[in-house]
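Here is how the chains run, residue by residue.
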Amino acid sequence: QVQVVESGGGLVQAGASLRLSCAASGRSFMNYGMGWFRQAPGKVREFVAAITWSGGRTSYADSVKGRFTISRDNAKNTVYLQMNSLKPEDTAVYYCAAAATAQPMAVKELYDYWGQGTQVTVSS
């Protein structure tokens, strides 16, 4: 049983940076892989980035490589998504999720627990 809560979203202009946080808690959550997904208006939820608590292994969607960085602070039970050079197409609700495997999974169907989402809006 894992709970995840996202925060840090907001309204920014193109080219700006934003840092999202995902606080995790619950039974054996350190055995899970953590991921960030996003869902734009009228579109399906898509993979953004993933990381493991233990080894810090990461995976990124091609659309965010070089701009976004996922990281974790085990002492704070928190996963971060540093988003730089934001574009209008990055506008979406961003979700943090936990998968029952110690792998940086990119498939949303493999994730068991989801946060409520945090809105990121990037203006031109």
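Basis of the calculations
Residues numbered from 1 in each chain as written. Predicted model: local features only at pLDDT ≥ 70, side-chain atom pairs only at ≥ 80, totals over all residues. Heavy atoms only, no water. Helix = DSSP H or I, 4+ residues; strand = E, 2+ residues; numbered from the N terminus. Buried < 20%, exposed > 50% of the residue type's maximum accessible area, 1.4 Å probe, protein only. Phe/Tyr/Trp six-rings, centres within 6.5 Å; stacked < 30°, edge-to-face > 60°. Lys NZ or Arg CZ within 6 Å of the ring centre and 35° of its normal.

Engineer: So, unusual backbone geometry: which residues are in play, and what are the values?
Structural biologist: Leaving glycine out, the prevailing phi sign among residues is negative, and the prevailing peptide bond configuration is trans. In the Ramachandran plot, Asn-77 falls in the positive-phi region, its phi being about 55° despite a non-glycine side chain. As for its placement among the helices and strands, Asn-77 is situated in the loop between strand 7 (68–73) and strand 8 (78–83). On the basis of relative accessibility, which here comes to 27%, the residue Asn-77 falls in the partly exposed class. Despite not being glycine, Ser-85 shows a phi value in the positive range, around 50°.

Engineer: Lay out the packing of aromatic side chains in plain terms, naming residues and giving numbers.
Structural biologist: Between two aromatic rings, the relevant description is the distance of the centres plus the angle of the planes. Summed over the entire model, instances satisfying the criterion amount to 5 aromatic pairs. Aromatic side chains Phe-37 and Tyr-111 sit 5.0 Å apart centroid to centroid with 80° between the ring planes, which places their arrangement in the edge-to-face category. Here Tyr-111 lies in strand 10 (residues 111–114) and Phe-37 lies in strand 4 (residues 33–39), a separation of 74 residues in the sequence. Where Phe-37 meets Trp-114, the ring centres are 5.1 Å apart and the plane angle is 55°; that geometry is what we call tilted. Taken together, the residues span a long stretch of sequence, with Phe-37 in strand 4 and Trp-114 in strand 10 at a distance of 77 residues. Residue classification places Phe-37 among the buried positions, given a relative accessible area of 0%. Three or more aromatic residues joined by ring pairs make a cluster, and in this case those are Phe-37, Phe-47, Tyr-111 and Trp-114. We note Arg-19 situated over the ring of Tyr-80; from NZ or CZ to the ring centre the distance is 4.0 Å. The side chain of Arg-45 reaches across the aromatic face of Trp-114, ending 4.9 Å from its centre.

Purely geometric stuff here, so don't read any function into it on its own.
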